[in-house]
Amino acid sequence: MTDVASTLGRSALFRSLDHAERSRLAAACGSRSYGTGQLVLMPGDEGSFLYVVASGEVAVSVVGAGGREVLLAVVGADETFGELSVIDGLGRGATVRARKAAVVVTVPRARVHDLVATRPAVAQALLLAVTAMVRHLDERAADRTLLDLPSRVAKLLGSLASGGRTVPDGPDAGWVPVDVGLTQGELARQVGGSRQQVNRILVALDTSGAIQRLGHRVVAVRPDLLTRTA
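About the criteria used
Residue indices begin from 1 for each chain and proceed along its sequence in written order. Totals for whole chains, interfaces and linings use every residue, but because this is a predicted model, local features are given only for residues with pLDDT of at least 70 and side-chain atom pairs only at 80 or more, for both listing and counting. Water and hydrogen atoms were dropped before computing side-chain values, which therefore reflect all heavy atoms in the structure. At least two DSSP bridges between two strands are required for those strands to pair. The way it works is that DSSP assigns letters per residue, a run of H or I at least four long becomes a helix, a run of E at least two long becomes a strand, and they are numbered from the N terminus. Two rings belonging to Phe, Tyr or Trp (six-membered ring only in the last case) form a pair when the distance between their centres is within 6.5 Å. Interplanar angles under 30 degrees mark stacking, angles over 60 mark edge-to-face geometry, and anything in between is tilted. Residue exposure (1.4 Å probe, protein chains only): buried if accessible area is under 20% of the type maximum, exposed if over 50%, otherwise partly exposed. Only when the NZ of Lys or the CZ of Arg is both within 6 Å of the ring centre and within 35 degrees of the ring normal is a charge said to sit over the ring. In plain words, nonpolar cores are sets of buried Ala, Val, Leu, Ile, Met, Phe, Trp, Tyr and Cys residues tied together by side-chain atoms within 4.5 Å. Two residues form a contact once any of their heavy atoms are found within 4.5 Å.

K.L.:
Any chance you could explain the pairing of strand S3 (residues 49–63) here in plain terms?
P.N.:
Regular strands place side chains that alternate from one sheet face to the opposite one. Relative to strand S6 (residues 95–108), S3 runs antiparallel, the two being bridged by 11 bridges. Bridged to Phe 49 within S6 is Pro 108. Sheet topology places S3 next to strand S5 (residues 80–81); two bridges connect them, and they run antiparallel. Within S5, the residue paired with Tyr 51 across the bridge is Phe 81. Examined bridge by bridge, S3 and strand S4 (residues 69–75) share six bridges and lie antiparallel to one another. By the bridge assignment, Val 60 is partnered in S4 with Ala 73.

And the structure:
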């Protein structure tokens, strides 16, 4: 229960609770472990719990009418998923799998509703989480309509470098080191293309000097050149 309370305290949703409140909430929660690739949730499942990732990562995806899978998000340690169904009580709308071996804390829907009703900071944090999700999905939908595939790849790589520091001088001046933790297949599912298409785009960006690769991994980007591409 101590580990559960610690995980809850590190999450943006519940960090405003004091020690006693987190301990009471932890007593009502459970935890589940999943191996790599194991199914966590599928569309239509009941929204009985909100989930906090204690360790590992999970991938959230949907499958389109043509059978193509689109990766919506990768959720890591101390982050939450499953908010929408907990709010409205409807079935899950996405598939969630463990991207890496993961442990998740399960927070009962009733306890989330109790906290939203009695703790304004929790209600605000939940509202911000849902707002960020909607903004992200709106932007993804606009990109799919307005940008071609190479531009979507360039924009995604640029966003992954947005928090990095540009090398100021020397032979690597202007480059931003990145750790793109997505495989080419995951990149493809996130931008709505095939792995082969994304591979060709990455080769072209590498050749043009917009990115640096080590094997199949993107290790550095030039945000200025990626912005021109996007």
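Back to the text.
K.L.:
Would you take a moment to explain the packing of aromatic side chains for this structure?
P.N.:
To describe a pair of aromatic rings, you give the distance between the ring centres and the angle between the ring planes. Tallying each qualifying case throughout the model produces one aromatic pair. An angle of 5° between the planes, with centres 4.9 Å apart, marks the rings of Tyr 51 and Phe 81 as stacked. Taken together, the residues span a long stretch of sequence, with Tyr 51 in strand S3 and Phe 81 in strand S5 at a distance of 30 residues. Judged by its relative accessible area of 4%, Phe 81 falls in the buried class. Over the aromatic face of Phe 49 sits the side chain of Arg 32, whose NZ or CZ is 5.1 Å from the ring centroid. In this structure, Arg 222 packs its charged tip against the face of Trp 175, placed 6.0 Å from the ring centre.

K.L.:
Whenever I open this one, the nonpolar core confuses me. Can you help?
P.N.:
Counting 25 residues, the largest nonpolar core has Val 153 and Leu 157 as its most contacted members. Among the secondary structure elements, those contributing two or more residues to this core are helix H6 (149–160), helix H7 (184–191), helix H8 (195–208), strand S9 (217–221) and helix H9 (223–229). In terms of residues, this core owes the most to one element, H6, which gives five residues. Residues in contact with Leu 157, not counting those within four places in the same chain, are Val 180, Leu 202, Leu 205, Ile 211, Val 218 and Leu 226.

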